[in-house]
Amino acid sequence: MKILVTVKEVAEVADDFEIEGLSIPEKFLEYDLNEWDDYAVEAAVRIAEDRDEDVEVVAVTVGPERSEETIRMALAKGVDRAVRVWDDALAEAGLIDPTATARVLAAVAEAEDPDLVLSGVQAADDGFGATGVALAEHLDFGWAAVVNDLELGDGEASVRRELEGGVEELTTVALPAVLTIQTGINDPRYASLRGIRQAQRKELAVHTLADLGLDPAVLDGDLTLTGMAKPESESDATLFEGSPEETAAELETVLRDAGVGAE
């Protein structure tokens, strides 16, 4: 059995940052594995550990050389090998919409021929929440989104899906399938020192679009980034400084002026 896990390196912005044109300078950014993808990695590794048959877990990412540090963390957590896709066309594309990303991931999936594809529900940076489902469409696989419980049976996956309003759906999906994994489905492990050392020896193949038989036109989409701005604060916070007695008195004054406690 083979499980393909899609992972993404996402940027976390510093509390105090600046915007230059349509981007945030690198000095304000720190990169890490996307939170939702971390749960997908853990789900795949647990399947491999729990099943009697041989299970190979392969991670795939679309990202620059910098992202290899992130994908090696997935290798350190138990993924067997990884694939990274990048070239000049991807570097120059700017904002890539979920459909274009799904086309690239689908090319990798077609080459790998997995029985199951796991993807995080969404990415912490753009929050589209559409790549996994678009990938299923390109592969003509069955799919289930926002999965918070998963059990594999004979040729099918029994899943519990989180719907709006606190409603949950129990359903089965025939394999091969794409499942988008929700946070909370498990407790992602930390990479051990041994795992980190082993990750350096595991295979990490790098492919270009041409290697996958794709033309740069595959990145064309209707999504365009036209502006970027800091969100406006709806209210200002007041910080009280001093001893407990002094701050309590100041808070009392603020609450009294706001009418709190008044009859």
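Residues numbered from 1 in each chain as written. Predicted model: local features only at pLDDT ≥ 70, side-chain atom pairs only at ≥ 80, totals over all residues. Heavy atoms only, no water.

### Let's talk about the packing of aromatic side chains
Here's step 1: Tallying each qualifying case throughout the model produces zero aromatic pairs.
Here's step 2: In this structure, Arg66 packs its charged tip against the face of Tyr31, placed 3.7 Å from the ring centre.
Here's step 3: Above the face of the Phe17 ring, Lys230 is positioned so that its terminal group lies 4.8 Å from the ring centre. (Phe/Tyr/Trp six-rings, centres within 6.5 Å; stacked < 30°, edge-to-face > 60°. Lys NZ or Arg CZ within 6 Å of the ring centre and 35° of its normal.)

### Things to note about helix H2 (residues 68–76)
Here's step 1: Counted residue by residue, H2 has seven buried out of nine residues, so it is predominantly covered.
Here's step 2: Of the positions making up H2, those classed as buried are Glu68, Thr70, Ile71, Arg72, Ala74, Leu75 and Ala76.
Here's step 3: The first or second residue beyond H2 is Gly78, which carries a positive phi of 125°. (Buried < 20%, exposed > 50% of the residue type's maximum accessible area, 1.4 Å probe, protein only. Helix = DSSP H or I, 4+ residues; strand = E, 2+ residues; numbered from the N terminus.)

### Thoughts on a negative patch on the surface
Here's step 1: On the surface, a cluster of negative charge is made up of Glu12, Asp15, Asp16, Glu18, Glu20, Glu30, Asp32 and Glu69.
Here's step 2: Following the sequence through the fold, Asp16 ends up in the loop between strand E2 (9–13) and strand E3 (29–33). (Patch = residues over 30% accessible without salt bridge, like charges linked within 9 Å, V, L, I, M, F, W, Y side chains within 5 Å. Areas by Shrake-Rupley, 256 points an atom, 1.4 Å probe, with all protein chains shown as cover. Salt bridge = Lys/Arg side-chain N within 4 Å of Asp/Glu carboxyl O. Lys, Arg positive; Asp, Glu negative; His and termini not counted. Charge placed at Lys NZ, Arg CZ, Asp CG, Glu CD.)

### Side note on the layout of surface pockets
Taking a probe equal in size to a water molecule and rolling it over the atoms shows the remaining empty space.
Here's step 1: Looking at the largest pocket, its volume works out to about 1,500 Å³.
Here's step 2: In terms of lining residues, the largest pocket is bounded by 47 residues, among which Lys8, Gly94, Leu95, Asp125 and Asp126 are the most central.
Here's step 3: Broken down by secondary-structure element, the contributors of at least two residues to the lining of the largest pocket are E2, E3, strand E4 (56–62), helix H3 (88–92), helix H4 (98–112), strand E6 (116–120) and helix H5 (131–139).
Here's step 4: Partitioned by chemical class, the residues of the lining of the largest pocket number 25 nonpolar, 14 polar and eight charged.
Here's step 5: Of the volumes computed, that of the second largest pocket is approximately 370 Å³.
Here's step 6: For the second largest pocket, the lining is made up of 16 residues, of which Asp32, Leu33, Asp38, Met73 and Lys77 are closest to its centre. (1 Å grid on protein atoms, 1.4 Å probe; cavity = no way out; pocket = protein on both sides within 12 Å on 5 of 7 lines; lining within 4 Å. Points joined across faces, edges and corners; volume = space filled by probe spheres on them. Nonpolar A, V, L, I, M, F, W, Y, C, P; charged D, E, K, R; others polar.)

### Regarding the environment of Val57
Here's step 1: Along the polypeptide, Val57 turns up in strand E4.
Here's step 2: According to the relative accessible area criterion, Val57 is buried, its value standing at 0%.
Here's step 3: Residues Val57 and Ala76, spaced 19 residues apart in sequence, show a C-alpha to C-alpha distance of 12 Å.
Here's step 4: Val57 has contacts with Ile3, Val5, Ala44, Ala48, Val79, Asp80 and Arg81, leaving out every residue within four places of it along the chain. (Contact = heavy atoms within 4.5 Å.)

### Regarding the pattern of salt bridges
Side chains carrying opposite charge are able to pair once their charged atoms draw close together.
Here's step 1: This structure, assessed with the given rule, holds 15 salt bridges.
Here's step 2: For the salt bridge of Arg189 with Glu49, the shortest nitrogen-to-oxygen distance reads 2.8 Å. Linking Arg189 in the loop between strand E10 (177–181) and helix H6 (193–199) with Glu49 in helix H1 (residues 35–50), this pair joins segments that are 140 residues apart in sequence.
Here's step 3: Classification of Arg189 by relative accessible area gives partly exposed; the value is 25%.
Here's step 4: With its nearest N and O atoms 2.7 Å apart, the salt bridge here joins Arg81 to Glu56. Here Glu56 lies in strand E4 and Arg81 lies in strand E5 (residues 81–85), a separation of 25 residues in the sequence.
Here's step 5: Through salt bridges that share partners, Lys2, Glu56, Arg81 and Glu112 make up one connected network.

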